[in-house]
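Observations on the three-dimensional arrangement
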Amino acid sequence: MFAYYLQLGLRSLRRNPMLTALMVMAIGFGVAASMTTYSVFRATSRNPIPQKSDVLYMAQVDNWGPENTEKGEPPNALSYIDAMALMRAKKASRQTAIYPIGPSVIPEDAGRLPMRQGAYAVGADFFTMFDAPFIQGGPWTSEDDDKHASTIVIDRKLNEKLFNGGQSVGKQVNLDGRLFRVTGVIDEWNPQPRFFDVVNTGGFDDAPGVYIPYNRAIDLQLATNGNNNCSSDPGEGWDNYIRSECIWNAFWVELPTKAAAADYKRFLQGYASEQQRAGRFRWAPNVRLRGVMEWLDVQHVVPPESQISLAVAFGFLIICLVNTIGLLLAKFMRRAPEIGVRRALGASRRTIYAQFLIEAGTVGLAGGLLGLILTGIGVLGVGLVFPKDIARLATLDPSLVLLTLVVAIAASLIAAFYPTWRAAQVQPAWQLKSN
Amino acid sequence: MQIKPILAALRRHKAGTILIALQIALTLAIVCNALFIIQERVSRLSRTTGMDESNVIAIANRYVGPATVFGPTIKTDLAAIRNMAGVEDAYATNSYPLRNGGWSMGVRLIPDAKKEITSTTLYFVDDHALRTLGVKLIEGRNFNAGEVIMLDPRKSTALPQVIITKALAQKLFADGKSLGKTIYLSQEGKPSTVIGVVEKLQVPWVGTWAGSFDQHAVLLPATLDANYQNFLVRARPGQQEAVLKALPKLLIDTNRMRVIPEEGGVRSFEDVRRRAYETDRGMAILMGIVCAVLLAITAAGIVGLSSFWVGQRRKQIGVRRALGATKGDILSYFMTENFLIALGGVIVGSALAYGMNQWLLEQFEMQRLSLVYVITGVVALLLLGQAAVLAPALRASRVSPVEATRSV
Amino acid sequence: MLKMSHLAKVYRTEVVETYALRDFNINVKEGEFVAVTGPSGSGKTTFLTIAGLLETFTGGEYHLDGVEVSKLDDNARSRIRNEKIGFIFQAFNLIPDLNVFDNVEVPLRYRGMKAAERKQRIMDALERVGLASRAKHYPAELSGGQQQRVAIARALAGSPRLLLADEPTGNLDTQMARGVMELLEEIHREGATIVMVTHDPELAARAQRNVHVIDGQVVDLAEDPRFHAASHLADTAS
């Protein structure tokens, strides 16, 4: 029966090529618009570390007070004092303070020019916490942290540039004239959005190539390469700077259970009230402990352009649907006499439903194929609207292809429901009599 | 003239009527907001910087190595650039308009006032800046070479002499007369005296968050003693291309211990502007495409449904003709019918447009939709409806009165 | 009132010319009730559509109320249909989307009449056909006979000089047909000119005068041998 209905559907679609073309175009454009914008939305709103996102938390401690913050939200970074205190407390199973630095790598070969590297000052736990994939060696140890050791982890790309991709563990890397010993090489690793440094990257940036111990970076007085915000003048010199309330550190913890997270939250509260008692904070404890996805949401990682265009595209799809409902209604009701005859010849309502829904499904499939082509063009054109860091994440992968077809067919079936119902209401006897 | 019977007939065709009206309503809502977004973006990207942008080149430079003092290096670099063939002038700075990164600060007239009067950007420059930027000094004087100092970036930012923009002067002083007056650039800070006023200079940021102070700039006579420096260079007319090509080599030859990014390290100001407004322009284009496709789809939908209606009503058109309706009567019947449906659609659509705008407003700091866009959209959709229904209506008017006597 | 002389109507296709009417002559006087009869395909319906200005003709002359109509443009023809002619169709041809009142109003609307006068005329016409109480009903809610009465009311509302009826009882059962016929006779008695096309001899007999059409021509009933044959057949059939 399905084959028969399909044949009927195709024949009917050929009979009104204009109307059919209109419907296919409406569905195609509607689906393509929503899928293109959805591809960007998906890229920007995805979970960068799905396997661990429920055990990783970003800690915030309000060291600025209600006068300098908005709507009770603590600053989006920590002062060195607080980051250091939390680090020393070691209350989580793993923890790391993080801040971006901007070193230049000076190759041993004096004939080659220095290279600028995206880099972070982090704790030893960083790599295990965030599942950084090592291809040689491993992270430095927490003893290295404690000893303020000059160790370094580099990525595959830098390893290729400096050591032609060979074994480099134990070798030295020159950052701005200072030597660091390689403990490990990680694969190209660039979780997007970059949840551990949303504040400075907006979530999207080229892969960093260098990681050095946080304590060593502080010793070397390496200032942050990201945002630095001060609520008051820190005074002169590095020592005053790191003792100030200027904020420039991220602090992440790994807490394996909900109970551990609750405990840690209490610990943060306790720390803040201690600071209040000590007279440093002149306000009630105001702390946050946020999971990966919540943190990305609070930091508005999804660009407004992506959200606006997704909303507009969704409206676009609805308009195309309404349009298709109208056209299908016209198409089906024009065939009222035919339906009457079929009904008189013994077709039940159900078979009328089947026939017309299959016809609509065929339109949906054709619309989906057109939509697929247009989505492909759209995805290529994403770079015109969105920054390249984001545009390159929007791709027409198999799941998007499948989704496009499913949405197109589902949309056309939804659109077909009312017109089909109307068609099934046609009375057999009434239509056989003269009109 | 025949509104009542048309409405009566439409009541018998609820589904079709609602579908067309709904489509028009939704299209109006989206088109209004899309037009509004286009306007907002276009007006943003057509702002001027106050500079004479042609022939300007921007360089992003980072010195490498263990050095902690950069003053002499910067001086050597600047001397080399200024001596280059085809270069008119150059200076080093922390930031410049459209760079999308820089230093913002609150300005006060009373040093310990809790609340700042407004925000401003700080440009650390020297006596060559005005000439290089092509900015017009309208009051007072430029810095002189002796006033320009090397400044530790972690030290207080307040300097004794500053040049400010006219917009900032007007914001700070009711009469706009700022020359010789004192302003404060930090809460604890020292006073700064305004020695000059420039006509206009934009902030580095193009986003909405800086929209409230996008013409507020303070120029300070200092070079930040830091490894990161931007050099702005003005080439002689016609020499920009050549200077742009020669600059990287010149800098590397002057001092190897530096990094100039391969991409975007040395770029013309046209390039700076293009990059700064890339997203705005893209958004405007996208919304333009959305509008065009939506209007086309809506028009096609109206043509399709109206044709169906005409086909369905051939007989009664024939009867009407037999009863004395002229071709004009039939034409105007369908045009009026479409107008009434579209009118219903645009009324609902206007409400939807404001609803959507409200949502955008809450989510994305957009402005309130102005009535002009709604009116434009309403007129456009009513006209679109009339244009789309014209062909089916003309076909209807050509139905012969004999149709009345034919049994279907 | 209605005078056609040597009227011809040719339907042309690419290959053949078909004469629907040929040398057609008829003269209907003011106040007459004429029945036009003939077998199907004889051209009687074509005659009616031309008489009602629904179609143009190919040759000859047609004077309606003293006006030669072949020179008139589409708008003028519409105006004449509207002001001088009332139509009654076999299939009633009420507009299904409009209720009884609005249906009767249609021709008055096209005349640009004031609302008060329209209402008066509509209610008078509906009163006349005995359906004033059904003014708010839709056609689908009425019986065939009632629908035809509404159609007659619509034809009468504009006070036409000429009433053209095309098989007015063709879609009705005997009972309803009789009622409609009586209504037409009553209207005629009040002074209207009626031209009715029918193939029903019984109905035709009730008119003042019969015109017989065969092969697109009016034939003299007394002289044409075909008529005798036909009437003979009719006799034997009854």
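Residues numbered from 1 in each chain as written. Chains lettered and ligands numbered in written order. Predicted model: local features only at pLDDT ≥ 70, side-chain atom pairs only at ≥ 80, totals over all residues. Heavy atoms only, no water.

**Thoughts on the overall build of chain B**
Summing up its helical and strand segments, chain B has eleven helices and 13 strands in all. Scaling as 2.2 N^0.38, a compact globule of 408 residues should have a C-alpha radius of gyration of about 22 Å, whereas chain B reaches 32 Å, well beyond that. Here the C-alpha coordinates of chain B stretch approximately 100 × 50 × 35 Å along the principal axes. For chain B, with 408 residues in total, the buried portion stands at 56%. Of the contacts made within chain B by residues no fewer than 6 positions apart, 81% connect residues no fewer than 24 positions apart. Accessible surface for chain B amounts to roughly 16300 Å². Of this, 59% is attributable to carbon and sulfur atoms. (Helix = DSSP H or I, 4+ residues; strand = E, 2+ residues; numbered from the N terminus. Rg over C-alpha atoms; globule rule 2.2 N^0.38 Å. Buried < 20%, exposed > 50% of the residue type's maximum accessible area, 1.4 Å probe, protein only. Contact = heavy atoms within 4.5 Å. Areas by Shrake-Rupley, 256 points an atom, 1.4 Å probe, with all protein chains shown as cover.)

**So, the overall build of chain A**
Across its full length, chain A holds 17 helices and 13 strands. The C-alpha radius of gyration computed for chain A amounts to 30 Å, which surpasses the reference 22 Å derived for 435 residues by more than 25%, pointing to a less compact arrangement than a globule. Considering only C-alpha atoms, chain A reaches an extent of 100 × 55 × 35 Å along its principal axes. Partitioning the contacts of chain A with sequence separation of at least 6, the portion at a separation of at least 24 is 76%. Of the roughly 18400 Å² of accessible surface on chain A, 57% is carried by carbon and sulfur atoms. Seen as two clouds, the 42 positive and the 37 negative side-chain charges of chain A have centres 15 Å apart. (Lys, Arg positive; Asp, Glu negative; His and termini not counted. Charge placed at Lys NZ, Arg CZ, Asp CG, Glu CD.)

**Here we look at the domain arrangement of chain B**
In terms of domain boundaries, chain B breaks down into domain 1 (3–45 + 279–405) and domain 2 (65–256). Computed over C-alpha atoms, the centres of domain 1 of chain B and domain 2 of chain B are 54 Å apart. (Domains from an automatic or database assignment.)

**Observations regarding the packing of aromatic side chains**
Aromatic ring pairs: the centre-centre distance and the angle between the two ring planes describe each pair. Tallied over the full model, the rule gives 36 aromatic pairs over all chains. Between B:Y333 and B:F334, the ring centres sit 5.5 Å apart and the planes meet at 70 degrees, which makes this aromatic pair edge-to-face. With respect to burial, B:Y333 and B:F334 carry one shared label: buried. Chaining the aromatic ring pairs together yields one cluster made of A:Y120, A:F126, A:F127, A:F130, A:F134, A:W140, A:W189, A:F195, A:F196, A:Y211 and A:W252. The ring centre of C:Y19 lies 4.5 Å from the NZ or CZ of C:R22, which sits over that ring. (Phe/Tyr/Trp six-rings, centres within 6.5 Å; stacked < 30°, edge-to-face > 60°. Lys NZ or Arg CZ within 6 Å of the ring centre and 35° of its normal.)

**A word on the sheet that holds strand β5 (residues 67–68) of chain C**
Residues and elements named next belong to chain C. Reading across the sheet, the four strands line up as β2-β1-β4-β5 and stay open at both edges, with antiparallel pairing between neighbours. Edge positions in the sheet fall to β2 (17–28) and β5, since each has one partner strand and no second. Note: strand β1 (residues 2–12) against β2, eight bridges, orientation antiparallel. Residue pairing across strands places K9 opposite L21, the latter belonging to β2. This element, helix α1 (residues 44–51), spans β1, β2 and β4 (59–64) of the sheet and lies at about 115 degrees to β1. (Pairing = 2+ DSSP bridges. Axes fitted to C-alpha atoms, helices over the stretch in contact; angles between N-to-C directions.)

**Considerations on the environment of A:L384**
Its location among the elements puts A:L384 in the loop between α14 (349–381) and α15 (388–391). Classification of A:L384 by relative accessible area gives exposed; the value is 57%. Sequence-distant contacts of A:L384, defined by excluding residues within four places in its chain, comprise B:E278 and B:G282.

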